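This is what each chain is made of:
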Amino acid sequence: MSLDPKAIQENLKEHRLLYLSRYGSHLFGVATPSSDEDFKGLFLPSRNSLILQEAPHYLDFSFKQDDKGRNQVGDKDVGLYALQYFFKLLLKGDGNMVALLFSSSYPQAILYQDPLFAEVFAKADKKRLLSQKLIGMTGYIKAQAERYTLRGIRYQLLQEALDIFKSADRQMLLADFLLASDFLNEMHRRYQTLSDDENFSHYVYLKQEADFNDAQIDYLVILGKQLNTREKIQRHIHMIEGLRKFYGERSKAASQTLVDYKALYHSFRVIEEMKSLHLEGEIRYPLAARAFLLDIRQGKYSFEALSDELDKRLAELTQLAEHTVLPLEADEAYARELLLSFY
């Protein structure tokens, strides 16, 4: 199913579609046969909606192949940002908006450009809309780097705890089970060496808490979920299964190697984008490093090699930031001029 800009404009009603582009892996150049298709774009809120203070910041639409509304592969999800909101996020260094700003560097990714949009942005000095801080993109790298191992570890911890509980007498009280097994020591032994945390015991531990009658009750805490030791193991099996489902399929995949390669890929991808911004003041898509990024995503490198390489590239990025071509601050007045030119 192809995406029809006319159908999107019909959904926008009084608002004006300005720009629509492929996004995600299809823009970055790392799409695989199983990759979802993402689309992002911009729209211009109508004057009436602005005057009445009813203008939306963001709109999303889903175009389904199934006339009955059932979800299936090939459905198209589109996210559109109001031009005002786009500039607001862009001036803060939001990574999604930075990528959208430079997505037109990849002509094959563009699905629609309003003539006015094409004219204004062709002449725009995009560097003036960015700053050396790139706060949003820097924060994204840190967040991804912090979680690229823990997601898989947590999922595997839940799975192994569940397997141990299922092997026990399900009618047994959890307190009796803990006395009869070396559960806590075994879990700590397995996972202490796999985490950068100095004290991994905050993932699985025992605690006491007073009830309404001030009586002390013992709990086994697993990833924040409190299991009352006075209750039977059967009840806790259901609770852990529910918690495991919360972590989802991506965590399940990460648990196979205890590394979330998709999170690692995103860290390296944003580093490549920021490197280009500091050196040239722009990003060209698809990314030149797409072959390396695709190899990361497919798990072709060991965690140890990627961890060392990530540290190395972050250090290089810090050095590049000291000699960046980007301005110290984003030019808010210039962004306002561009915005007003559309009205």
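Values in this document were obtained by computation on a predicted structure and should not be read as measured data.

### Topic: the pairing of strand β8 (residues 225-228)
Here comes step 1: Pairing between strand β7 (residues 216-222) and β8: four bridges, direction antiparallel. Looking at the pairing, L220 lines up with L227 of β8.

### Description of the sheet that holds β7
Two pairing modes exist for strands in a sheet, parallel and antiparallel, and in both the strands are linked by backbone hydrogen bonds.
Here comes step 1: With respect to topology, three strands assemble into an open sheet ordered β6-β7-β8, the strand pairing being antiparallel. Two strands close off the open sheet at either side, each with one partner strand: β6 (204-210) and β8. Neighbour-to-neighbour, the strand axes of this sheet turn through a mean angle of 35 degrees, independent of strand direction.

### Quick notes on the packing of aromatic side chains
Here comes step 1: Using the criterion set out here, one finds 15 aromatic pairs in the structure.
Here comes step 2: Measuring from ring centre to ring centre gives 4.4 Å for F117 and F121, while their planes differ by 20 degrees; the resulting arrangement is stacked. Here F121 and F117 lie together in helix α6 (residues 115-123), a separation of four residues that amounts to about one turn.
Here comes step 3: Judged by relative accessible area, F121 falls into the buried class, the value being 7%.
Here comes step 4: Their ring planes at 35 degrees and their centres at 5.5 Å tell us that F165 and F183 sit as a pair that is tilted. One end of the pair, F165, is in helix α8 (residues 150-167); the other, F183, is in helix α10 (residues 183-192), and 18 residues separate them in sequence. The two residues F165 and F183 agree in class, both being buried.

### Quick word on helix α5 (residues 95-102)
Note on helix geometry: an α-helix contains 3.6 residues per turn, so any two residues three or four positions apart are oriented the same way.
Here comes step 1: Most of α5 sits inside the fold, with six of its eight residues counted as buried.
Here comes step 2: Among the residues making up α5, those that are buried are M97, V98, A99, L100, L101 and F102.
Here comes step 3: Taking the backbone nitrogen of N96 as reference, a side-chain oxygen 3.0 Å away marks D94 as the first, capping residue of α5.

### Description of the confidence of the model for the protein
Here comes step 1: Per-residue pLDDT for the protein has a mean of 83; in total, 83% of the residues score no lower than 70.
Here comes step 2: In the model, residues 193-199 has pLDDT below 50 throughout and makes 10 contacts with residues more than four positions away in sequence or in other chains.
Here comes step 3: Contacts from residues 253-258, a stretch scored under 50 in pLDDT, to residues over four places away or in other chains number 12 contacts.

### Let's talk about the environment of A122
Here comes step 1: Examined against the element boundaries, A122 turns out to sit in helix α6.
Here comes step 2: Among the residues examined, A122 registers a relative accessible area of 66% and is labelled exposed.
Here comes step 3: In sequence terms A122 and S104 are 18 residues apart; their C-alpha atoms lie 9.6 Å from each other.

### What about the environment of H57?
Here comes step 1: Checked against the element boundaries, H57 lands in the loop between α3 (47-51) and β3 (58-63).
Here comes step 2: Here H57 falls in the partly exposed class, since its relative accessible area comes to 49%.
Here comes step 3: Put simply, H57 and L83 are 26 residues apart on the chain and 8.3 Å apart in space, counted from C-alpha to C-alpha.
Here comes step 4: Not counting residues up to four positions away in its chain, the partners in contact with H57 are F43, L80, Y81, A82 and Y85.

### Some points on the nonpolar core
Among soluble globular proteins, nonpolar side chains are generally buried collectively.
Here comes step 1: The biggest cluster of nonpolar side chains holds 53 residues, and the ones touching the most others in it are F28, L42, L83, F86, F87, L90 and L277.
Here comes step 2: The element best represented in this core is helix α12 (residues 261-280), accounting for eight residues.
Here comes step 3: Setting aside residues up to four positions removed in sequence, F87 forms contacts with F121, L129, A335, L338 and L339.
Here comes step 4: Counting 22 residues, the second largest nonpolar core, distinct from the first, contains A161, V204, I222 and I237.

### Focus on unusual backbone geometry
Here comes step 1: With an omega of -5 degrees, the peptide bond running from Y285 to P286 counts as cis.
Here comes step 2: For P286, the location among the structural elements is in the loop between α12 and α13 (290-297).
Here comes step 3: Phi at K13 is positive, roughly 60 degrees, even though this residue is not glycine.
Here comes step 4: Turning to its location among the elements, K13 is positioned in the loop between α1 (5-12) and β1 (16-23).
Here comes step 5: The class for K13 is exposed, based on a relative accessible area of 69%.

Reading guide: rules and limits
Residues numbered from 1 in each chain as written. Predicted model: local features only at pLDDT ≥ 70, side-chain atom pairs only at ≥ 80, totals over all residues. Heavy atoms only, no water. Pairing = 2+ DSSP bridges. Helix = DSSP H or I, 4+ residues; strand = E, 2+ residues; numbered from the N terminus. Axes fitted to C-alpha atoms, helices over the stretch in contact; angles between N-to-C directions. Phe/Tyr/Trp six-rings, centres within 6.5 Å; stacked < 30°, edge-to-face > 60°. Buried < 20%, exposed > 50% of the residue type's maximum accessible area, 1.4 Å probe, protein only. Polar contact = N/O pair within 3.5 Å; in protein donor to acceptor, adjacent residues only side chain to side chain. pLDDT = per-residue confidence, 0-100. Contact = heavy atoms within 4.5 Å. Core = buried A, V, L, I, M, F, W, Y, C linked by side-chain atoms within 4.5 Å.

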